[in-house]
Amino acid sequence: MGVDPKPWRERIRDEEELLARLNQLASDAADRRAEALLDGVRELGTIADVARDLGRSWTAIDKAIKKYQRKKASDATTTE
């Protein structure tokens, strides 16, 4: 009558691949956001100034920047 659905194992594999791609996209977006936040710090002077400008808490901005910096430092040590 209709098309048989994909076997469940194949559907799981497809969804796991999609989740991996989405996680990578989210990670890349977080990196770009942190780089933009750092540009904001360079322009405005402090994390608090950036937070005020964006209407966000300074701790959220600080966490995003620190997470990015730790990731970059980790990447640098593993590629050397």
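Each value, and the rule that gives it
- Residues numbered from 1 in each chain as written.
- Predicted model: local features only at pLDDT ≥ 70, side-chain atom pairs only at ≥ 80, totals over all residues.
- Heavy atoms only, no water.
- Core = buried A, V, L, I, M, F, W, Y, C linked by side-chain atoms within 4.5 Å.
- Buried < 20%, exposed > 50% of the residue type's maximum accessible area, 1.4 Å probe, protein only.
- Helix = DSSP H or I, 4+ residues; strand = E, 2+ residues; numbered from the N terminus.
- Contact = heavy atoms within 4.5 Å.
- Patch = residues over 30% accessible without salt bridge, like charges linked within 9 Å, V, L, I, M, F, W, Y side chains within 5 Å.
- Areas by Shrake-Rupley, 256 points an atom, 1.4 Å probe, with all protein chains shown as cover.
- Salt bridge = Lys/Arg side-chain N within 4 Å of Asp/Glu carboxyl O.
- Axes fitted to C-alpha atoms, helices over the stretch in contact; angles between N-to-C directions.
- Parallel < 35°, antiparallel > 145°, perpendicular 65-115°, else oblique.
- Nonpolar A, V, L, I, M, F, W, Y, C, P; charged D, E, K, R; others polar.

1. Some details on the nonpolar core
Phase 1 of the analysis: Counting ten residues, the largest nonpolar core is built from Ala34, Leu37, Leu38, Val41, Val50, Ala51, Ile61, Ala64, Ile65 and Tyr68.
Phase 2 of the analysis: Put simply, the parts of the chain that give this core at least two residues each are helix H1 (8-44), helix H2 (47-54) and helix H3 (58-79).
Phase 3 of the analysis: Contact partners of Tyr68, with chain neighbours within four places excluded, come to Asp31, Ala34, Glu35 and Leu38.

2. Structural notes on a nonpolar patch on the surface
Phase 1 of the analysis: Taken together, the side chains of Leu18, Leu19, Leu22 and Leu25 define a hydrophobic patch exposed on the protein surface, amounting to about 360 Å² of accessible area.
Phase 2 of the analysis: Here Leu25 is to be found in helix H1.

3. Here we look at the packing of H1 against H2
Phase 1 of the analysis: The interhelical angle for the contact between H1 and H2, taken along N-to-C directions, is 110°, at an axis separation of 8 Å. Looking at the two axes, H1 sits roughly perpendicular to H2. Residues Leu37, Gly40, Val41 and Leu44 of H1 form the contact with H2, whose own contacting residues are Ile47, Asp49, Val50, Asp53 and Leu54.
Phase 2 of the analysis: Its residues placed into classes, the contact of H1 with H2 shows six nonpolar, one polar and two charged.

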